[in-house]
Amino acid sequence: MKFLVAIDGSQAGEHALDKALALAAPLKAEIVLLTVVEPLSSYVPEVMLPTGDWVGWRGLPDVELERKILSAGQALLQKAQDTCQSAQLESRTRLETGQPRDVICYVAKEESPDLLVLGSRGLGSIERLMLGSVSDYVVHHCGSPVLIVR
């Protein structure tokens, strides 16, 4: 049996890992830990200059910042893997880059887990309407069984 657990460093992500461990322990299930790092362009919107030209992050790559973000993602995965090891469960990690909702569904298709576990940020209806929700998207677009943990 295999569980895919998407973590992002949030409290909801920690709850998702805790729930996955509680469910996986009696089954001796393998845990695949996934963290998705968004591209830097996702953080900085394009802006229009007075000339009418659009300028975005693509023109300003920051290799050092990208390295730090990936390193933070790897540290998050290592901490989660240590937690799995303490629970005497086999685990492996995947650090991916892209839009979290799309990447989670893609990795779930690749891994074919028996259960995909991820946290819910608990956004209200207005925020969900305006921003969308990763967990909501995954529930509706992923082919694997999904457990959303609050």
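Structure's up top.
Summary of the structure given here. Bear in mind that the values here come from a model prediction, so they are computed numbers and not experimental data.

The rules behind each value
Residues numbered from 1 in each chain as written. Predicted model: local features only at pLDDT ≥ 70, side-chain atom pairs only at ≥ 80, totals over all residues. Heavy atoms only, no water. Salt bridge = Lys/Arg side-chain N within 4 Å of Asp/Glu carboxyl O. Helix = DSSP H or I, 4+ residues; strand = E, 2+ residues; numbered from the N terminus. Buried < 20%, exposed > 50% of the residue type's maximum accessible area, 1.4 Å probe, protein only. Phe/Tyr/Trp six-rings, centres within 6.5 Å; stacked < 30°, edge-to-face > 60°. Lys NZ or Arg CZ within 6 Å of the ring centre and 35° of its normal. Expected span 1.5 Å × (residues − 1). Contact = heavy atoms within 4.5 Å. Pairing = 2+ DSSP bridges. Axes fitted to C-alpha atoms, helices over the stretch in contact; angles between N-to-C directions.

Digging into the pattern of salt bridges
- The full count for this structure, using the stated rule, is eight salt bridges.
- One salt bridge in this structure joins Arg 94 and Glu 110, with 2.7 Å as the shortest N-O distance. Pair noted here: Arg 94 is in strand β5 (residues 91-97) and Glu 110 is in helix α3 (residues 100-111), with a separation of 16 residues, a long-range link.
- Residue classification places Arg 94 among the buried positions, given a relative accessible area of 14%.
- Owing to a relative accessible area of 44%, Glu 110 belongs among the partly exposed residues under this scheme.
- The salt bridge partner of Glu 111 is Arg 94, with a shortest N-O separation of 2.9 Å. Taken as a pair, Glu 111 in helix α3 and Arg 94 in strand β5 lie far apart in primary sequence, 17 residues in all.
- Glu 111 gets classed as buried once you look at its relative accessible area, which sits at 9%.
- Within this structure, Lys 2, Glu 30, Arg 92, Arg 94, Glu 96, Glu 110 and Glu 111 form a network of salt bridges that share partners.

As for the packing of aromatic side chains
- Counted under the stated rule, the structure contains zero aromatic pairs.
- The ring of Tyr 137 has Arg 101 lying over it, and the distance from NZ or CZ to the ring centre is 4.1 Å.

As for α3
- Here α3 contains 12 residues, and its C-alpha end-to-end distance of 16 Å stays within 8% of the 16 Å for a straight helix at 1.5 Å per residue.
- Among the residues of α3, those classed as buried are Pro 100, Val 103, Ile 104, Cys 105, Val 107, Ala 108 and Glu 111.
- As for α3, its buried residues are in contact with β1 (2-6), β2 (30-37), β5, β6 (115-119) and α5 (134-141).
- Looking one or two residues beyond α3, the residue adopting positive phi is Ser 112, at roughly 50 degrees.

Considering the sheet that holds β5
- Judged by pairing direction, the sheet is parallel, and its five strands sit side by side in the order β5-β2-β1-β6-β7 without closing on themselves. The open sheet has two free edges, formed respectively by β5 and β7 (146-149), since each of these has just one partner strand. With strand direction ignored, the average angle separating the axes of adjacent strands in the sheet is 20 degrees.
- Sheet analysis places β1 next to β2, joined by five bridges and oriented parallel. When the sheet's bridge partners are listed, Phe 3 is paired in β2 with Ile 31.

Interpretation note: all reported values are geometric properties and have no functional meaning in isolation.
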